[in-house]
Amino acid sequence: NNYSTQQFWRAWHRSFNQWLIRYMYIPLGGRDHKVLTVFLIFNFVAVWHDLDWRLLYWAWGISLILIPELTLTSMFAGN
């Protein structure tokens, strides 16, 4: 079971996720620019499936859900 949006998306299409991490997330800055990187990657995934406004709205909606969680996680991380 996935108890957060981050866990859900990590488990979704594991091989595609690895490709996105290796060839997009890390070159775009990874953890240093996490919010921007997540937004750009979800937009890429939407366009990858089809150039359709509904998919772009989906990408923006998922980003709006993930960004607060990413921000709060990084603010309250015990590192």
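Remember, predicted model here, so these are calculated numbers, not experimental data.

**A look at the pattern of salt bridges**
Pairing between side chains of opposite charge can happen when their charged atoms approach one another. Counted under the stated rule, the structure contains one salt bridge. Close ionic contact of R54 with D52 constitutes a salt bridge, the shortest N to O distance being 2.8 Å. The exposed category is assigned to R54, whose relative accessible area is 64%.

**A few points about the side chain of N43**
The residue N43 is located in helix α3 (residues 34-49) in this model. We classify N43 as buried; its relative accessible area is 14%. The residues touching N43, leaving out its near neighbours within four places in the chain, are L56, A59 and W60.

**A short note on the confidence of the model for the protein chain**
Summarising the model, the protein chain shows a mean pLDDT of 87, and 95% of its residues fall at 70 or more. When the elements of the protein chain are averaged for pLDDT, helix α1 (residues 5-11) gives the smallest value, 77, and α3 the largest, 92.

**Concerning helix α4 (residues 53-75)**
Given a rise of 1.5 Å per residue, 23 residues ought to cover 33 Å, and the 33 Å separating the end C-alpha atoms of α4 matches this to within 8%. If you look at α4, its biggest bend is around 25°, right at L66, and the proline P68 turns up within four residues after that. What α4 keeps buried is the set L56, A59, I62, S63, L66 and L70. Contacts made by the buried residues of α4 are with α1 and α3.

**Structural notes on the packing of α3 against α4**
With their axes 9 Å apart at the nearest point, α3 and α4 run at an angle of 155° to one another. Classified by the interaxial angle, the pair formed by α3 and α4 is roughly antiparallel. Here α3 and α4 pass one another in a crossing that is right-handed. In this structure, α3 uses K34, V35, V38, F39, F42, N43, V45, A46, V47 and H49 to contact α4, whose residues at the interface are L55, L56, W58, A59, W60, I62, S63, L66, I67, L70 and T71.

**Observations concerning the environment of Y25**
Tracing the sequence through the fold places Y25 in helix α2 (residues 14-25). Sequence spacing of Y25 and L36 is 11 residues, and the spatial spacing of their C-alpha atoms is 9.9 Å. The contacts of Y25, once residues within four sequence positions are left out, are L20, G30, R31, K34, T37 and I41.

**With respect to the packing of α2 against α3**
Between two packed helices, what matters for the description is the angle formed by their axes and the separation of those axes. Packing of α2 against α3 leaves a shortest axis separation of 11 Å and a crossing angle of 125°. One element, α2, and the other, α3, form an angle in the oblique class. Note that α2 runs across α3; the crossing there is right-handed. Every residue of α3 that contacts α2 at F16, W19, L20, M24 and Y25 is listed here: K34, T37, I41, F44, V45 and W48.

Rules of the game
Residues numbered from 1 in each chain as written. Predicted model: local features only at pLDDT ≥ 70, side-chain atom pairs only at ≥ 80, totals over all residues. Heavy atoms only, no water. Salt bridge = Lys/Arg side-chain N within 4 Å of Asp/Glu carboxyl O. Buried < 20%, exposed > 50% of the residue type's maximum accessible area, 1.4 Å probe, protein only. Helix = DSSP H or I, 4+ residues; strand = E, 2+ residues; numbered from the N terminus. Contact = heavy atoms within 4.5 Å. pLDDT = per-residue confidence, 0-100. Expected span 1.5 Å × (residues − 1). Bend = angle between axes of the 7 residues up to and from the residue. Axes fitted to C-alpha atoms, helices over the stretch in contact; angles between N-to-C directions. Parallel < 35°, antiparallel > 145°, perpendicular 65-115°, else oblique. Left-handed = near helix turned anticlockwise from the far one by under 90°.

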